[in-house]
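# Structural overview
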Amino acid sequence: AKTRYEENLRRVGSVNDRVLEAQRLAVAYFATSLELLKPISSQINPNNETGKTSLFTPFEANNYSFVLPNYLKVDVEREVSLIRSFNTVAKSPVLLYERDYKNFIVPDEYKGQAKLNNFYLTAKWLSSNFPLYYEGPECPQCSLDFDDWRVSFITSAFIARDIFDSKELKVNWARIYKTLAFFKGLRGDLTYVHYRDALVNIFGEEHEIEEVFADNNDSSIDNLYRFRIPLTFN
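Reference entry: report on the structure contained in this document. (Residues numbered from 1 in each chain as written. Predicted model: local features only at pLDDT ≥ 70, side-chain atom pairs only at ≥ 80, totals over all residues. Heavy atoms only, no water.)

## Remarks on the nonpolar core
Short version of the rule: Among buried residues, those of type Ala, Val, Leu, Ile, Met, Phe, Trp, Tyr and Cys that are joined through side-chain atoms within 4.5 Å constitute a nonpolar core. Only protein chains enter the accessibility calculation, which uses a 1.4 Å probe. A residue is then buried if its area is under 20% of the maximum for its type, exposed if over 50%, and partly exposed in between. To qualify as a helix, a DSSP run of H or I must reach at least 4 residues; to qualify as a strand, a run of E must reach at least 2; elements of each kind are numbered from the N terminus. Residue contacts are counted whenever heavy atoms from the two residues lie within 4.5 Å of one another.
Ranked by size, the top nonpolar core spans 50 residues in total, and within it Val76, Trp125, Phe153, Phe213 and Phe227 carry the most contacts. Elements with a minimum of two residues in this core: helix 2 (18–37), helix 4 (73–85), helix 6 (114–126), helix 7 (146–164), helix 9 (192–203), helix 10 (209–212) and helix 11 (220–232). Broken down by element, the residue count for this core peaks at 10 residues, all from helix 2. Beyond its immediate sequence surroundings of up to four residues, phenylalanine 153 is in contact with Pro131, Leu132, Tyr195, Leu224, Phe227, Arg228 and Leu231.

If you want it as structure tokens, here you go:
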């Protein structure tokens, strides 16, 4: 996602382009996940002391290290701060809609293990909503205005494609999904499979998201509505 955004940015420049902004949002979404997985200083056992198995070892801390691109630093660090504070209602710096960060309160059974604590926060973040509808007469309580919704919805298409196109990601996703489903039951919400199937069924196997939803494509808005229809009825 990072490579895709940076290559497109070099090609088109820093312009007001919804596909480019959607690609940036995809990077921010994944980057926030990596920041949440990364241990904070209090979660690291720097000297590998015995009896502190609930913490990350120095090797693990290095393995989970991640350097934020400068163009995401402000938004992602603010997002992670809100998530870890879990005590406020605020507009998400990354997803651009208001959310209740109390939903990120970590259950007691996860708090005692640093990895489980961070996994819980990350799993919660990865279940974030990319709204199917935008604010208007038909949905006055919707989270995003029309322009932000367009960017968000295009982002959801990129994320679905990224997972689908990677065998490793698909396998890992399925393993985690099945494990969670074993304990909590199958979820009824949409997954990347629904999004990928909708894209292929409507636009064909050879479609390019960048072209389908491009600003200079006269059908781009109609294509968003067409993309939404099968997701609405799933």
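Read on, since the account is not over.
## With respect to the state of the cysteines
Note the threshold: When two cysteine sulfur atoms lie within 2.5 Å, the pair is treated as a disulfide.
Per the stated rule, a full pass over the model turns up 1 disulfide. Two residues, cysteine 139 and cysteine 142, share a disulfide whose sulfurs are 1.8 Å apart. Here the disulfide of cysteine 139 and cysteine 142 is right-handed, its torsion about the S-S bond being about 85°.

## Concerning the packing of helix 2 against helix 4
Each pair of packed helices can be summarised by the angle the axes make with each other and by the distance between the axes. Selection criterion: Every axis corresponds to a line fitted to the C-alpha atoms, with the helix fit spanning only the stretch in contact, and the corresponding angles, defined between N-to-C directions, vary from 0 to 180 degrees. Under this scheme an angle from 65 to 115 degrees is roughly perpendicular, one under 35 degrees roughly parallel, and one over 145 degrees roughly antiparallel; angles in between are oblique. Each crossing gets its hand from how the near helix is turned against the far one by less than a right angle, where anticlockwise is left-handed and clockwise is right-handed.
Their axes nearest at 10 Å, the elements helix 2 and helix 4 cross at an angle of 45°. One way to sum up the angle between helix 2 and helix 4 is to call them oblique. Our pair here, helix 2 against helix 4, has a crossing hand that is right-handed. Contacts from Arg24, Ala28, Ala31, Thr32, Glu35 and Leu36 in helix 2 reach Asp75, Val76, Glu79, Val80, Ile83 and Arg84 in helix 4.

## Looking at unusual backbone geometry
Even without being a glycine, asparagine 48 presents a positive backbone phi close to 55°. Structurally, the position occupied by asparagine 48 is in the loop between helix 2 and helix 3 (58–63). In this structure asparagine 48 comes out as partly exposed when scored by relative accessible area, which is 49%. You will see that phenylalanine 86, though not glycine, has its phi angle at about 30°, which is positive. Tracing the sequence through the fold places phenylalanine 86 in the loop between helix 4 and strand 1 (89–91).

So yeah, pure geometry; function would need other evidence.
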